[in-house]
Structure formats: structure tokens, C-alpha cells
Amino acid sequence: MADTTFKVERYAVNLQFDALTRLPNRLHFIDLMEAALRAGPQELMLLFIDLDRFQRVNGALGYAAGDKLLQTVAGRLRGLLDADGIVGRVGGDEFAMLASGLPGRYLDALRWPYRIEGHELFVTASIGVAIFPGHGLHAAELLRNADLAMCRAKASGRDAMEIYAEVDPAPILERLRLENALRRALENGEFQLVYQPVAGMNGTVDGLEALLTWRHPFHGIISPRRFIPIAEETGLIVPIGAWVMDQACIQGGRWLKAGYRNACISVNVSARQFEQRDFVAQVARALQRGGFRPECLELELTESYLMCNLPDSVYRLHEIRDLGVSISIDDFGTGYSSLGYLSKLPVDTLKIDQSFLRRLLEPKGSLPVVQSIVRLAHGMHLTVVAEGVETEAELELVRILGCDKVQGHVYGPAVGSDEAGELLARHATRGVKLVTRDAGMLTGSR
């Protein structure tokens with residue numbers, strides 16, 4: 001009986017600590033914090049720490065590497081504590097510290113590179129700070145306010161620190177509501193693909209870009225600018241991206257069976273999706289399920305991600321090219337200083353960032369930059385797509401500059417699959433070409 005009691009007591013004590021990091025868990029941390037607040041009248045500082053994009057580590061290297069990173073972060077935070085400090089793990093990739101001194105040193109310390117399973121990782125954090133007694137008299141209140149400050153730090157671009165101040169909670173609550181709705185959107189069938197034509201400089205349709213729309217049953221169409229960042233941060237972009245890939249290949253397969261030889265589709269791929277270990281296998285399965293030819297599928301990735309992860313990107317891109325799928329760099333030009341690395345990437349197409357096109361006609365605008373990009377791309381036998389072309393003046397200018405293809409509202413907005421299919425059918429059977437919106441949007445001429 002005595003031995004059993006000892007085991008029960010020992011188990012109860014262990015429930016106060018996180019099994020992975022050996023730090024106090026959330027409930028125990030709050031208890032320790034309350035005791036510290038009662039111990040004296042001194043000013044104390046509570047830091048709420050959330051690792052930025054932690055799920056990418058799990059996706060790219062596996063959960064064992066993610067666990068090792070959490071243990072390393074815990075050790076690093078423990079080493080920063082002063083004599084009276086407390087640190088605990090209060091969530092999946094969330095830590096809290098009761099400390100004193102300059103808060104900036106904690107942010108700096110977390111920026112140091114981590115060596116995890118032979119990989120050098122650079123992981124930043126968003127930190128919210130609440131100060132006792134000004135921002136709360138009790139542990140739970142301080143923790144809540146530090147959490148709110150952390151959310152503001154993350155919203156400001158991550159790798160940042162914010163000190164709590166009275167703020168309107170409405171934007172935070174709205175974001176939470178949007179996140180909850182997003183988690184149900186896929187299973188409720190609220191997503192839909194629309195297709196924007198990509199045309200050659202003669203106005204003929206060369207393919208379509210698949211774009212994701214969200215039609216909420218009560219709030220109507222929700223802009224991708226609102227929900228894509230949330231999907232990226234929460235990891236929901238992985239199943240959503242897989243759905244997009246499947247649906248695009250299914251629709252493309254239908255169009256090919258109907259005889260539309262121009263039924264080539266480009267699909268945007270997020271960084272988190274690309275980092276999944278089985279991503280290439282996912283693409284292969286989507287092509288097989290949809291009956292879609294690999295040479296008709298193009299995957300679009302952003303320049304900034306590819307350049308920041310060059311060795312891994314090159315290997316993965318070669319795997320994709322081995323399937324017969326082509327690669328496009330989206331929003332090209334935002335990382336212009338990295339042009340020297342372009343020759344190392346097995347890509348087929350550059351899509352010039354539309355911010356450059358907006359400034360083409362301005363005095364001292366982006367004309368020399370776009371000229372350089374086009375010359376460089378053509379020298380490497382790459383196709384150049386001018387993205388976001390909206391006016392006849394822009395269309396004429398990118399034609400003079402030597403761009404190969406055009407995409408944008410100058411030829412009309414993205415349309416549903418039925419209308420896109422009709423457009424492909426007219427082009428495939430009659431040689432019809434697109435004309436600009438000013439001359440009649442999505443109408444044809446012989």
C-alpha cells in the first residue's frame with residue numbers, strides 16, 4: 001500500500017511539468033507566478049513567447065525534429081533566467097517567462113541558429129510583454145494581456161516584441177472567428193476554384209491559372225488576402241492546398257478529355273505545402289486521379305521562398321520536373337538582388353511581379369528593371385509572363401519589352417469552370433483569340 005501511495009504521489013507531482021521540456025506546464029506556471037506576485041511589491045515582467053512558423057519544422061523535418069527544437073528552446077530560455085525567474089511551456093510552441101531586466105535580450109537570444117538533426121535552423125519568435133502591477137494584478141490577467149500583445153507582435157510581421165497596451169479587442173476576435181470558420185470551410189464545401197486566362201502576346205489563350213475563392217454562407221466572398229495568411233500560420237494551407245491541386249487536376253482532366261488541347265493549368269503552391277515530405281507524391285497522385293497530363297500542369301512558387309531555401313528547393317524542384325511538371329517563379333522581381341542564383345533553379349517560367357508593372361510608365365520607374373529581367377530570362381530560355389496587366393498602355397509596353405505572355409484584367413477577371421471551359425472550347429476549336437476588356441471582355445475575333 002505504501003508503495004502504491006508513493007507512485008500515485010509521484011505521478012501527481014509529474015503532472016505539474018511538461019513531459020517533453022521538463023518545464024512547468026501552464027497550470028503549474030500560473031501557480032508559481034501567483035506565488036511570485038504575492039512575494040513582494042517589485043515590478044515584474046511577463047513574456048508570452050510564440051515561435052514563428054514552427055509547424056514548418058514539423059512539416060519539413062518531422063515531429064521528432066520539432067520536439068528537439070522545443071527542447072532546445074526550453075534550454076535556451078532556462079539559461080537566460082535570473083535567480084527569481086520562472087519559465088514554463090504553456091502551449092504547443094508557446095512559452096511564458098516571469099523575469100526582470102531588458103526584454104530585448106530574450107528576442108535576440110532566440111534568433112541564434114539551432115542545430116537540429118544535422119540542419120541549421122533559423123527560428124524567430126513573437127513576444128508579448130505584460131508588466132506587473134500596471135497590466136494586471138493576477139497571473140491569469142497578466143498571461144491574457146501578454147498573449148494579446150504577442151498576437152499584435154505576430155500581426156506586425158513576426159520576429160518582434162510588443163508591450164501590452166489598451167487595445168481594441170475586436171480585430172483579434174474577428175481573426176479568431178475567421179480562423180474557426182476557415183477550419184470548417186473545406187469540409188463544408190465552401191471553397192471554389194476560378195480560372196484566369198493566360199494569353200500569348202497575340203491574344204490567344206495559352207492556359208489558365210487556378211485561383212482559390214471562399215464563399216462563406218453568411219459573409220459571402222472572403223478575400224484570399226484575409227484568409228490565406230491565417231491558413232499559412234495555422235497550417236490549414238496544407239489540406240487546402242492539397243484540395244486545390246486535386247480539383248485543378250480533375251478539372252484539367254475533364255477539359256483534356258473534351259479535346260481542349262490548351263487546357264494547361266498553373267497552381268500556386270505555398271511554402272508549407274512545398275515543405276511536406278510527401279509533396280511530390282501528392283502531386284503525382286493528383287495527376288493520376290484527375291487523368292491530367294503532367295506537361296499540362298505548372299506549379300507556381302514565390303521567388304522569396306525559393307531563394308531563402310536554395311539547396312532544399314533545388315532538390316525538390318528537380319523531383320517535380322522529373323514528373324514532367326513545369327515550374328514557375330511567381331512575383332519575380334521582389335528578390336531582384338538574387339538574380340545570380342536563378343541559374344541554379346530548374347524552372348521554366350518567370351512571372352514578373354505586378355508592382356513593377358504599376359511603375360513602368362512613371363518617371364524613373366521600373367522600366368530598366370523589367371528590361372533586365374526579360375533579357376536575363378530569354379538568355380536562359382525561360383518564358384516571361386507579365387502579371388497584373390490592366391490597361392492597354394501596359395499591354396503595349398510589355399509587348400515592346402518582349403514579354404511572352406500576359407495575365408491580368410486587361411483580358412478580364414477570373415471566371416468559373418463553366419465559363420473557362422467555354423473560353424477554352426472557342427479557342428481550341430476556332431482559333432479564337434482574346435481581346436481586351438475595352439474591346440469586349442472575353443469575346444473572340446477570327
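### Describing the nonpolar core
Phase 1 of the analysis: By size, the foremost hydrophobic cluster in this structure holds 83 residues, and its most contacted members are Leu-182, Trp-214, Met-245, Trp-255, Val-267, Leu-297 and Leu-299.
Phase 2 of the analysis: Setting aside anything within four residues of it in sequence, one finds Trp-255 in contact with Tyr-195, Leu-208, Tyr-260, Ala-263, Ile-265, Ser-417, Ala-420, Gly-421 and Leu-424.
Phase 3 of the analysis: Met-45, Val-87, Ala-99 and Ile-116 belong to the second largest nonpolar core, which has 30 residues in total.

### Some thoughts on the pattern of salt bridges
Phase 1 of the analysis: Evaluation of the coordinates by the stated rule reveals 16 salt bridges.
Phase 2 of the analysis: For the salt bridge of Asp-18 with Arg-89, the shortest nitrogen-to-oxygen distance reads 3.1 Å. Residue Asp-18 is found in the loop between α1 (2-14) and α2 (26-39), and its partner Arg-89 is found in strand β2 (residues 86-89); the two are separated by 71 residues along the sequence. For the residue pair Asp-18 and Arg-89, the accessibility class agrees, reading buried in each case.
Phase 3 of the analysis: The network of salt bridges with common partners includes Glu-209, Glu-300, Lys-351 and Glu-387.

### Some thoughts on the environment of Gln-282
Phase 1 of the analysis: Looking at the secondary structure, you find Gln-282 in helix α11 (residues 279-290).
Phase 2 of the analysis: Exposure remark for Gln-282: the relative accessible area of 17% places this residue in the buried category.
Phase 3 of the analysis: Other than its neighbours up to four places away in sequence, Gln-282 contacts Ala-242 and Gln-276.

### Details of helix α3 (residues 54-61)
Phase 1 of the analysis: Taken together, the buried positions of α3 are occupied by Phe-54, Val-57, Asn-58, Gly-59 and Leu-61.
Phase 2 of the analysis: As for α3, its buried residues are in contact with β1 (44-51), α4 (63-80) and β5 (119-121).

### Details of the sheet that holds β2
Phase 1 of the analysis: The strand order β2-β3-β1-β6-β7 describes an open sheet built from five strands, whose pairing is mixed. Of all the strands in the sheet, just β2 and β7 (161-163) have a single pairing partner and so form its edges. Mean inter-strand twist for the sheet, computed between neighbouring axes without regard to direction, equals 15 degrees.
Phase 2 of the analysis: Pairing analysis gives three bridges linking strand β6 (residues 125-132) to β7, with the strands arranged parallel. Its bridge partner being in β7, Val-129 is matched across the sheet by Ile-163.
Phase 3 of the analysis: With respect to the sheet, α4 is in contact with β1, β2 and β3 (94-99), its orientation differing from that of β3 by roughly 5 degrees.

### Description of unusual backbone geometry
Phase 1 of the analysis: Of note, the bond from Phe-132 into Pro-133 is cis; its omega dihedral lies within 30 degrees of zero at 10 degrees.
Phase 2 of the analysis: Here Pro-133 lies in the loop between β6 and α6 (139-155).
Phase 3 of the analysis: For Arg-22, which is not glycine, the phi dihedral falls at a positive 65 degrees.
Phase 4 of the analysis: For Arg-22, the location among the structural elements is in the loop between α1 and α2.
Phase 5 of the analysis: A relative accessible area of 62% means that Arg-22 is categorised as exposed.
Phase 6 of the analysis: A positive phi angle is found at Glu-117, which is not glycine, with a value near 50 degrees.
Phase 7 of the analysis: Relative to the assigned elements, Glu-117 resides in the loop between β4 (114-116) and β5.

### A word on α4
Phase 1 of the analysis: Here α4 contains 18 residues, and its C-alpha end-to-end distance of 26 Å stays within 8% of the 26 Å for a straight helix at 1.5 Å per residue.
Phase 2 of the analysis: Three or more residues of α4 are buried, namely Ala-65, Gly-66, Leu-69, Leu-70, Val-73, Ala-74, Arg-76, Leu-77 and Leu-80.
Phase 3 of the analysis: On its buried face, α4 is in contact with β1, α3, β2, β3, α5 (104-110) and β4.

Rules of the game
Residues numbered from 1 in each chain as written. Predicted model: local features only at pLDDT ≥ 70, side-chain atom pairs only at ≥ 80, totals over all residues. Heavy atoms only, no water. Core = buried A, V, L, I, M, F, W, Y, C linked by side-chain atoms within 4.5 Å. Buried < 20%, exposed > 50% of the residue type's maximum accessible area, 1.4 Å probe, protein only. Contact = heavy atoms within 4.5 Å. Salt bridge = Lys/Arg side-chain N within 4 Å of Asp/Glu carboxyl O. Helix = DSSP H or I, 4+ residues; strand = E, 2+ residues; numbered from the N terminus. Pairing = 2+ DSSP bridges. Axes fitted to C-alpha atoms, helices over the stretch in contact; angles between N-to-C directions. Expected span 1.5 Å × (residues − 1).

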